[in-house]
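Results of the structural survey
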Amino acid sequence: MKAMTLAALLMHMTSAGGAGSEGKRAGTPVDDGGTSHQGAVTEEISTLKGEITSLKEQFRLARERQRLAAEEKQRQEEARYGVTPKANPAPAAGGAGASAR
């Protein structure tokens, strides 16, 4: 989960230009003229949350597709070789812990 969050943040930062956007480089003082963008921070956080939710859903769907593909492959293998699915063996009449004495 932390990897997904980090990936979403990294993707968002690189698509937005990160610290190097608009000629602003790390270590270079930036004068923003005293303007504050408090609403922009809230908007960015909301955007990131939306992207994380989207990535979670995409990951869940991909995992489900992979599971279904594996099941289908298993069915095809069973059909090809005439193998029936393994059933759980029934317990012995005397039970597993029954003594022979």
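Here is a short report on the structure shown in this document. Keep in mind that what you see is a predicted model, and the values were worked out from it rather than measured.

**Comments concerning the overall build of the protein chain**
- A count of helices and strands for the protein chain gives two helices and zero strands.
- Expressed as a percentage of its 101 residues, the buried residues of the protein chain come to 5%.

**Regarding the pattern of salt bridges**
- Enumeration over the complete set of coordinates arrives at five salt bridges.
- For Glu64, the salt bridge identified is with Arg67, shortest N-O distance 2.5 Å. Here the residue Glu64 and the residue Arg67 both occupy positions in helix 2 (residues 38–81), the gap between them amounting to three residues, near one helical turn.
- The closest approach of N and O atoms between Glu77 and Arg80, which form a salt bridge, is 3.5 Å. A residue pair is termed a helical-turn pair when its members lie 3 or 4 positions apart in one helix, as Glu77 and Arg80 do in helix 2 at three residues.
- One connected set of salt bridges, linked through shared partners, spans Glu64, Arg67 and Glu71.

**Let's talk about helix 2**
- The first and last C-alpha atoms of helix 2 sit 65 Å apart over 44 residues, in line with the 64 Å expected at 1.5 Å per residue.
- Those residues of helix 2 not exposed but buried are Leu48, Ile52 and Glu78.
- Directly beyond the C-terminal end of helix 2, a positive phi value near 70 degrees is found at Gly82.

The rules we used
- Residues numbered from 1 in each chain as written.
- Predicted model: local features only at pLDDT ≥ 70, side-chain atom pairs only at ≥ 80, totals over all residues.
- Heavy atoms only, no water.
- Helix = DSSP H or I, 4+ residues; strand = E, 2+ residues; numbered from the N terminus.
- Buried < 20%, exposed > 50% of the residue type's maximum accessible area, 1.4 Å probe, protein only.
- Salt bridge = Lys/Arg side-chain N within 4 Å of Asp/Glu carboxyl O.
- Expected span 1.5 Å × (residues − 1).

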